[in-house]
Amino acid sequence: MVAPHTRPTWHEYFIGIAESVSLRSTCIRRNYGAVIVKDGVIVSTGYNGAARGEENCIDKGTCVREDMGIPAGERYELCVAVHAEANAIINASLEEMKGATMYVAGHNYNRTAASCHPCLMCHRMIRNAQLSKVIYYSSDQRILVLPINES
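First, a word on scope: everything that follows refers to the structure included in this document. These figures come from a predicted structure and were not determined experimentally.

1. Description of the overall build of the protein
Then step 1. Helices and strands together make up the secondary structure of the protein, namely six helices and seven strands.
Then step 2. Order of helices (α) and strands (β) in the protein, N terminus to C terminus: α-β-β-β-α-α-β-α-α-β-α-β-β.
Then step 3. For the protein, whose C-alpha radius of gyration is 16 Å, the value lies close to the compact-globule estimate of 15 Å for 151 residues.
Then step 4. Referenced to the eigenvectors of the C-alpha coordinate spread, the extents of the protein come out at roughly 55 × 45 × 30 Å.
Then step 5. Sequence separation of 24 or more characterises 64% of the internal contacts of the protein that already satisfy a separation of 6 or more.
Then step 6. For the protein, the computed accessible surface area is about 8,800 Å², with 52% contributed by carbon and sulfur atoms.
Then step 7. A distance of 2 Å separates the average location of the 15 positive side-chain charges in the protein from that of its 15 negative side-chain charges.

2. Details of empty space enclosed by the protein
Then step 1. As enumerated under the stated definition, the model contains one cavity of 30 Å³ or more in all.
Then step 2. Quantified by volume, the largest cavity comes out at close to 40 Å³.
Then step 3. In terms of lining, the largest cavity is formed by Cys 57, Lys 60, Cys 63, Val 64, Arg 65, Leu 78, Cys 79 and Val 80.
Then step 4. Sorting the residues of the lining of the largest cavity by element identifies α2 (57–60) and α3 (64–67) as the ones contributing at least two each.
Then step 5. Class assignment for the residues of the lining of the largest cavity results in six nonpolar, no polar and two charged.

3. Digging into the layout of surface pockets
Then step 1. Counted as a void, the largest pocket has a volume near 460 Å³.
Then step 2. Elements with a minimum of two residues in the lining of the largest pocket: β1 (30–38), β3 (49–50) and α4 (84–90).
Then step 3. When its volume is computed, the second largest pocket comes out at roughly 260 Å³.
Then step 4. Around the second largest pocket, the lining comprises 15 residues; the ones closest to its centre are Tyr 47, Gly 49, Ala 50, Arg 52 and Asn 87.

4. Quick notes on the nonpolar core
Then step 1. Judged by nonpolar contacts, the single largest core of 30 residues is most densely connected at Ile 36, Met 102, Tyr 103, Leu 131 and Val 134.
Then step 2. Of all the elements in the fold, those that place two or more residues in this core are α1 (10–22), β1, α4, β5 (101–108) and β6 (133–137).
Then step 3. Ranked by residues supplied to this core, first place goes to β1 with five residues.
Then step 4. When neighbours within four sequence positions are excluded, Tyr 103 is seen to be in contact with Trp 10, His 11, Phe 14, Ile 15, Ala 18, Gly 33, Ala 34, Val 35, Val 37 and Ile 135.

5. Thoughts on unusual backbone geometry
Then step 1. In this structure, Arg 75 is a non-glycine residue whose phi angle is positive, near 55°.
Then step 2. Here Arg 75 is to be found in the loop between α3 and β4 (81–82).
Then step 3. Phi is positive for Arg 111, close to 75°, though the residue is something other than glycine.
Then step 4. Following the sequence through the fold, Arg 111 ends up in the loop between β5 and α6 (120–128).

6. Structural notes on the pairing of β1
Looking along a regular strand, one sees the side chains alternate between the two faces of the sheet.
Then step 1. The buried fraction of β1 is high, at seven of nine residues.
Then step 2. The pairing of β1 with β5 spans eight bridges and is antiparallel. When the bridges of β5 are listed, Arg 30 appears paired with Asn 108.
Then step 3. Between β1 and strand β2 (residues 41–47), which pair antiparallel one after the other, the connecting turn spans two residues, and Asp 39 there sits at a positive phi close to 55°.

The rules we used
- Residues numbered from 1 in each chain as written.
- Predicted model: local features only at pLDDT ≥ 70, side-chain atom pairs only at ≥ 80, totals over all residues.
- Heavy atoms only, no water.
- Helix = DSSP H or I, 4+ residues; strand = E, 2+ residues; numbered from the N terminus.
- Rg over C-alpha atoms; globule rule 2.2 N^0.38 Å.
- Contact = heavy atoms within 4.5 Å.
- Areas by Shrake-Rupley, 256 points an atom, 1.4 Å probe, with all protein chains shown as cover.
- Lys, Arg positive; Asp, Glu negative; His and termini not counted.
- Charge placed at Lys NZ, Arg CZ, Asp CG, Glu CD.
- 1 Å grid on protein atoms, 1.4 Å probe; cavity = no way out; pocket = protein on both sides within 12 Å on 5 of 7 lines; lining within 4 Å.
- Points joined across faces, edges and corners; volume = space filled by probe spheres on them.
- Nonpolar A, V, L, I, M, F, W, Y, C, P; charged D, E, K, R; others polar.
- Core = buried A, V, L, I, M, F, W, Y, C linked by side-chain atoms within 4.5 Å.
- Buried < 20%, exposed > 50% of the residue type's maximum accessible area, 1.4 Å probe, protein only.
- Pairing = 2+ DSSP bridges.

Right under this line is the structure:
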């Protein structure tokens, strides 16, 4: 007898799409993807990478922050990249985002798990976009929920 097909939950489904989006990242250090979903429909996607028109790090073969030995989470202003969350927000209208959910997934460049909890700057943008929650992978690959109105 053939085992029954197991469908992913909606959270697993959209996190999986965010993982696929992260494959477009142009960052040397980490690859993230974000998907904004409203009423079960994808509104927007974004990945971390150089701003439009800027040369990206994977093509240059170097990262300014890496070259300077700057630890993760510090001195973002030196980086040419726009975060995945910000790119997803930039690519959607406010009306589409009101009350929507953002899914974020990613990994370190060596394909090990990375925490996808939004940084403080992205958290402010997420609140401003009026998203209701962020569902993301923790560094141990658990799916976590960050309610925006309570955080």
